[in-house]
Amino acid sequence: MEKYEIQKLRDLPIEGVAERLGLRVVRHKALCPFHDDHHASLSFSVRRNSFRCFVCGASGGTIDLVMRHLSLGFREACRWLADEHNIIIDHSPLTIDHSAAQKTFDATRYERFFERPWLNEEARKFLFEERKLDPRVVRWCRLTSWKDRQGVPWLQTPYYDRDGKLVGVQNRNLIKGALPRFRFPQGSRCGIYNLPVLNLLKPGEALFITEGCSDCWAMLSAGHKAIAIPSATLLTKRDVEQLSMVNGQCSMEFHMFPDRDEPGERLFLQLQKVLPSLVHHQLPPGCKDFGEYYQSR
Ligand SMILES: [Zn+2]
């Protein structure tokens, strides 16, 4: 692929690309597909032809948006964009793109943090006082914490695949209201959360599906087995693939307490297409998500 061809893809109108990916763009904003967003935190700059989320810090141009949203490599994302817009590009191998090369997740850099998890005061307060989580769940999930050079405390959540291989890391800012709220190391694949729990499921046992890892911790603390999908906004192709694989591999019952809002219900319907037996549970009035319900009990 030639440089000018890549530029052609970078110059495609960013909002049009977002819409092709299934995002609903209203007044240069959309719900961010990279975190559990309910307030349209993703902004588009028409002038710079770029996107930025003020909550999770995701940002970039057309190719980055496709790469992240569809979990594709640089070349595959270019091909997707070209195909979607009927642009003919040279199919010869791409010259090495350094920004793409850096985007592989280096698990060896992070594994050791989760071998001996350590919770600082802010993390303990957040997990045990505010969220009222069961310490056994926090240990099972190997949550750990650290402070950056500015002294900002972060909660660090490891994402494993079913075989226990570390595939991504989510950092959550523990200062209330501070931005960015989340940070992800390069190449992190924070798709379906808590996949190792599938190895503990007995045939026919109930598996709950939650939105985001903190609801998943609440569900586990309430004594249920649970996995989490990353975002209420839109299921990525990769999430759907992983879920149908889970559905095919194990015999279990799927359950869900959708968030009490429009994105929550929309997500339930999307999931039901992949998991036809998914059972809907209603949260009591006044509880917007399962985490809130769990804390109020
Ligand atoms: Zn975001």
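Structure shown above.
What you see is a predicted model; the values in this text were computed from it and never measured.

(A) Main features of the coordination of the zinc ion. Coordination of the zinc ion by the protein is provided by Cys-32 (SG), His-35 (ND1), Cys-53 (SG) and Cys-56 (SG), with metal-donor distances spanning 2.0 to 2.4 Å. Angles of 101 to 114° at the metal separate the four donor atoms of the zinc ion, which places the site in the tetrahedral class. One chain supplies every donor to the zinc ion, and in sequence these donors are spaced C-x2-H-x17-C-x2-C. Taken together, the residues span a long stretch of sequence, with Cys-32 in the loop between strand 1 (29-30) and strand 2 (42-45) and Cys-56 in the loop between strand 3 (50-53) and strand 4 (59-60) at a distance of 24 residues. Across the pair, Cys-56 and Cys-32 agree in class, each one buried.

(B) Spotlight on the sheet that holds strand 7 (residues 166-173). Taken together, the four strands give an open sheet; going across it, the order is 5-6-7-8, and neighbouring strands pair in antiparallel fashion. Two strands lie at the open edges of the sheet, namely strand 5 (144-147) and strand 8 (182-183), each paired on one side alone. Relative to strand 7, strand 6 (residues 153-160) is paired through seven bridges, and the arrangement is antiparallel. Within strand 7, the residue paired with Trp-154 across the bridge is Asn-173. On the sheet, helix 7 (residues 121-130) packs against strand 5, strand 6 and strand 7 and is oriented at approximately 65° with respect to strand 6. Contacting strand 6 and strand 7, helix 9 (residues 213-221) crosses the sheet at an angle of about 75° to strand 6.

Cut-offs and rules
Residues numbered from 1 in each chain as written. Predicted model: local features only at pLDDT ≥ 70, side-chain atom pairs only at ≥ 80, totals over all residues. Heavy atoms only, no water. Donors = N, O, S within 2.8 Å, 3.2 Å for Na, K, Ca; no water. Tetrahedral: all angles 85-135°; square planar, octahedral: opposite > 155°, others 65-115°. Helix = DSSP H or I, 4+ residues; strand = E, 2+ residues; numbered from the N terminus. Buried < 20%, exposed > 50% of the residue type's maximum accessible area, 1.4 Å probe, protein only. Pairing = 2+ DSSP bridges. Contact = heavy atoms within 4.5 Å. Axes fitted to C-alpha atoms, helices over the stretch in contact; angles between N-to-C directions.

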